[in-house]
Amino acid sequence: MATHDDHRGRRVPLRWDRHLLGIEPLTAEEITKILDRARVLRHAQITGERPLAGQSVVTLFYEASTRTRASFEIAAQNLGATIVSIASSSSSVKKGETVWDTGRTLAAMEPGAIVCRHSSPGAPHLLAAAAESVGHTAIVNAGDGAHEHPTQALLDAMTLLDRLESLEGRTIAIIGDIAHSRVARSDLFLLTKLGARVLLCGPRSLVPRTLESLGGTIVRDVDDIIPVADAVMMLRVQFERMVGPPPFPSLGDYNRTYGLTVARAERMKSDAFVMHPGPMNRGIEIDPEVADGPTSVVAHQVRNGIAVRMAVLERAVGRGPWAGAS
Amino acid sequence: MSTTLLRDVRLFDPGTGLDAEGRHVVLDGDKIGSLDASGDVMADRVVDCGGRLLVPGLVDLRVHACEPGYTSRESIATAAAAAAAGGITTFVALPTTKPTVDRVEVVELILARARAAGATRVLPAGALSVGRDGERLAEMAKLSAAGCVLFTDGDRAVKDSQLLRYAMETAGDLGAPIMTHAEDESLSLGGVMHEGLVSARLGLAGAPGAAEVVGISRDLAIAELTGSRLHIGHVSTAAGVELIRQAKKRGIRVTADVSPLHLTLTDEAVLGYDTAAKVFPPLRPRHDVDAVITGLADGTLDCVASDHCPQIEIEKNVELDWAAPGATGLETMLPVILSLVNAGRLTLERAITTMTRTPANVLQRLDLGRIREGGPADLTLIDREVEWRFEQSHSKSSNTPLLGTRFTGRAVLTIASGVITHEAPR
């Protein structure tokens, strides 16, 4: 249960379930409900319905982003909401206002939802606590450090289900820097909730054994995974989250051991496909020929992102299938 | 000279083998006059104690009193008030001040503030290195003469092993112990909590227990090399406890303490990103918590120390990555340890010893932490039955995951040098 400190320092649990702080607290039913709604909205994008007309959506990004911010803003626009876009390049602690105060200030203006990205895990929890202390605005996590990126996992699931119909008994491989990846955590929670087997692979320094407690199975040899996976998800190495010496000898060394090269991609199951949450580092975790090849569904992932975020915003504001919910 | 009669106590000092019910104790000024007086002797003040437990005043080896330099968090006076409320009559003030305790003037300031604050004994710890920067030794002889009882760089590990060796040799010549924060800071770099299942789940950077184990191992090797006395602060790992156990068997002169939080809470306290549970060293998994309890029970760990570390609200109500580490602990140390006694994890004898006699011994203050006629009238009366909730702190800060916790048992009367420093409303 999420908690925060109020002004007297006592921890108070969050009260609302309209926030989307992560996949971990969601049930399989709720995930399916969001995905079902996203499929409806994907086809309804052109019908001119405006369920969020008169609402505003704030995008509050403390960390740089192109695709996620654009995707959320297009989703909000499609729903008829007005968008207030706030960027903060530096940590709130080092410069200016705290997340707590920003959250209280923005929530007091009563927007429908605040979409937040932050480099620090748990920042959306703090923002949600701040918002609950003054109003009724729901918080949507657009990525918090290495913790969760729930809408990415939802769009990944939507993409997988477009091809596989069900995830029950399917094998999904996630390869790369799992330790620093919020995408990997959210995908791991979501895919296992929907019945998939998730195999994790990468250098020992970036794929610690403790990750198995989240539901995945670690396989050390990438060549054992490639031929058995129904989908292969490649992740980049997130040097920006590391301190101290590099955790492996070189990028060339990394590519040799873990990269999805043309030769490796040829050993995939005939109907298996390749996913990547972006941004991609071509020639490191994935060869350009594979990234742009026929097995890649990267563009499809991006398209699904808008539909998923429309559903998530409806849920945050209490519209669509969530109308009437508190 | 004023006299006080403490009527009807259970006199309890396991170190001297004292456990006697129905005693009446007379205090003459700042000394204990009689431990076996009659209940109707004349005294200036009579306190009816209702058969409750009277133990030596508690001695706390680790308090960040924050003065000079960080008085928005705490002052000597407020730390002394919180200590008294927790049954503590003596505490060591760590040199985590600004300026640090590397010159005599700062020692004098702390002692002056302590005198002004009242009867609680505040014993300054000197910095091990100038500015606590780990580069050259502080002037230990001068600091010792001014009143410093031990030397430490506080919550910073001494990176340079040669400097630590010289520090131990210098302090050894002065008869003072070196207190270390044992950690290999390159191994824990960037960590904001314990590296384990919980950090993996929360996506927070972790500091492995191995960072402490490497630190303890190095510090023990230097203690063996120099033959000087080493005190290791806030031990939190099972492997660390085992290293100290083996070192003691080999005759290395080492003592160690553990904080109440590390004896009770696991790293799961951080779930929900609760910054109150961000402490240093980090809260560890159950396996480590069980090992430090066992270590305290079997004597491997000598003392409980509060590790009282106040932080103001704006330093805690931020992203966990940026939140200042530390928790207050003066008022909750005794209640937490009594809860371990109530749970059958620690005997009452051992519990009281670890907060009285053993920390006094680390300081070589053989007058403190025990009860004897003619000795200092430093005493704590404990009500083991009273149920209460920790809500209002005497400290300036209230950053502890234990805020709001219900406890059974607390100090109801604290006497330092014959002066009542705390009396719970009855």
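Residues numbered from 1 in each chain as written. Chains lettered and ligands numbered in written order. Predicted model: local features only at pLDDT ≥ 70, side-chain atom pairs only at ≥ 80, totals over all residues.

Participant: Would you mind going over the overall build of chain A in detail, with residue names and values included?
Facilitator: When its secondary structure is counted, chain A shows 11 helices and 11 strands. Here the C-alpha radius of gyration of chain A, 20 Å, is about what a compact globule of 326 residues would show, namely 20 Å. Taking the principal axes of its C-alpha atoms as reference, chain A extends roughly 55 × 50 × 30 Å. In chain A, which comprises 326 residues, the proportion classed as buried is 49%. Considering only contacts in chain A between residues 6 or more positions apart, those separated by 24 or more positions represent 78%. (Helix = DSSP H or I, 4+ residues; strand = E, 2+ residues; numbered from the N terminus. Rg over C-alpha atoms; globule rule 2.2 N^0.38 Å. Buried ≥ 20, exposed ≤ 12 C-beta atoms within 10 Å, placed from the backbone. Contact = placed C-beta atoms within 7 Å.)

Participant: Tell me about the overall build of chain B, and please be specific about residues and values.
Facilitator: Scanning chain B from terminus to terminus reveals 13 helices and 19 strands. Computed over its C-alpha atoms, the radius of gyration of chain B comes to 21 Å, within 12% of the 22 Å expected for a compact globule of 426 residues. Out of the 426 residues belonging to chain B, those deemed buried represent 62%. For chain B, long-range pairs separated by at least 24 residues make up 74% of all intrachain contacts whose partners lie at least 6 apart in sequence.

Participant: I'd love a proper account of the environment of Ser398 of chain B, names of residues and values included.
Facilitator: Residue placement: Ser398 of chain B occurs in the loop between strand S17 (379-389) and strand S18 (406-416). As a C-alpha pair, Ser398 of chain B and Glu313 of chain B span 85 residues in sequence and 8.3 Å in three-dimensional space.

Participant: Could you give an account of the interface of chain B and chain A, with specific residues and numbers?
Facilitator: With 28 residues of chain B at the interface, the matching set in chain A holds 31 residues. Put simply, the parts of the chain that give the side of chain B that touches chain A at least two residues each are helix H5 (197-202) and helix H10 (313-316) of chain B. A class-by-class count of the residues in the side of chain B that touches chain A yields 12 nonpolar, 10 polar and six charged. (Nonpolar A, V, L, I, M, F, W, Y, C, P; charged D, E, K, R; others polar.)

Participant: Any chance you could break down the pairing of strand S3 (residues 56-61) of chain A for me, citing the residues and the numbers?
Facilitator: Along any regular strand, the residues point their side chains to alternate faces of the sheet. Residues and elements named next belong to chain A. Burial runs high along S3: five of the six residues are buried. Of the strand pairs in this sheet, S3 and strand S4 (residues 82-87) are connected by six bridges, and their pairing is parallel. The partner of Leu60 across the bridge, within S4, is Ile86. Note that the unit made of S3, helix H2 (residues 67-78) and S4 has a crossover that is right-handed. (Pairing = 2+ DSSP bridges. Right-handed = clockwise from strand over helix to strand, strands pointing away.)

Participant: I'd like a rundown of the domain arrangement of chain B, residues and numbers included.
Facilitator: When the parts come together, some accessible area is lost, and that loss is often what is quoted as the size of the interface. All names here are of chain B. Split by domain assignment, chain B resolves into domain 1 (3-54 + 375-384 + 407-423) and domain 2 (57-362). Between the C-alpha centres of domain 1 and domain 2 the distance comes to 30 Å. Facing 20 residues of domain 1, the contacting portion of domain 2 comprises 21 residues. Elements that contribute at least two residues to the side of domain 1 that touches domain 2 include exactly S17, S18 and strand S19 (419-423). Class assignment of the residues belonging to the side of domain 1 that touches domain 2 gives a composition of nine nonpolar, eight polar and three charged. (Domains from an automatic or database assignment.)

Participant: Residues and numbers for the pairing of strand S7 (residues 171-175) of chain A, please.
Facilitator: Residues and elements named next belong to chain A. Across the five residues that make up S7, a large majority, four, are buried. Note that S7 and strand S8 (residues 197-201) share five bridges and pair parallel. Among the inter-strand pairings, Ile174 is bridged to a residue of S8, identified as Leu200. After leaving S7, the chain enters helix H6 (residues 182-193) and then returns to the sheet as S8, a path that is right-handed.

Participant: Could you give me a rundown of the domain arrangement of chain A, with the residues and numbers involved?
Facilitator: Residue and element names in this part refer to chain A. Domain boundaries in chain A define domain 1 (3-149 + 304-319) and domain 2 (151-298). Relative to domain 2, the C-alpha centre of domain 1 lies at a distance of 26 Å. Between domain 1 and domain 2, the residue contacts involve 22 residues of the former and 21 residues of the latter. Each residue belonging to the side of domain 1 that touches domain 2 can be placed in one class, and the counts come to 10 nonpolar, seven polar and five charged.

Participant: Provide a residue-level description of the sheet that holds strand S5 (residues 113-118) of chain A, including the pertinent values.
Facilitator: Adjacent strands of a sheet pair through backbone hydrogen bonds, lying either parallel or antiparallel. Residue and element names in this part refer to chain A. Pairing in this open sheet of four strands is parallel, and the strands run S4-S3-S5-S6 from one edge to the other. Of all the strands in the sheet, just S4 and strand S6 (138-144) have a single pairing partner and so form its edges. The average undirected angle you get between the axes of adjacent strands in this sheet is 15°. Relative to S6, S5 runs parallel, the two sharing five bridges. Across the sheet, residue Ile114 finds its bridge partner in S6, namely Ile139. Sheet strands in contact with H2 are S3, S4, S5 and S6, and its direction is about 175° off that of S3. (Axes fitted to C-alpha atoms, helices over the stretch in contact; angles between N-to-C directions.)

Participant: Lay out the nonpolar core in plain terms, naming residues and giving numbers.
Facilitator: Among the nonpolar cores identified, the biggest contains 118 residues, and Ile114, Val115, Leu127, Ala173, Ile174, Val232 and Leu313 of chain A are the most heavily contacted of them. When sequence neighbours within four positions are dropped, the list of residues in contact with Ile114 of chain A reads Val58, Leu60, Leu106, Leu127, Ala131, Thr137 and Ile139 of chain A. Membership of the second largest hydrophobic core comes to 116 residues, among which are Ile88, Phe91, Ile232 and Ala351 of chain B. (Core = buried A, V, L, I, M, F, W, Y, C linked by C-beta atoms within 7 Å.)

Participant: With reference to specific residues and values, describe helix H11 (residues 298-317) of chain A.
Facilitator: Spacing of three or four residues puts side chains on the same side of an α-helix, whose turn is 3.6 residues. Residues and elements named next belong to chain A. With 20 residues, H11 extends 29 Å between its outermost C-alpha atoms, agreeing within 8% with the 28 Å of an ideal straight helix rising 1.5 Å per residue. The element H11 is extensively covered by neighbouring structure, given that 15 of its 20 residues are classed as buried. With its phi angle positive at about 85°, Gly318 sits one or two positions after the end of H11. (Expected span 1.5 Å × (residues − 1).)

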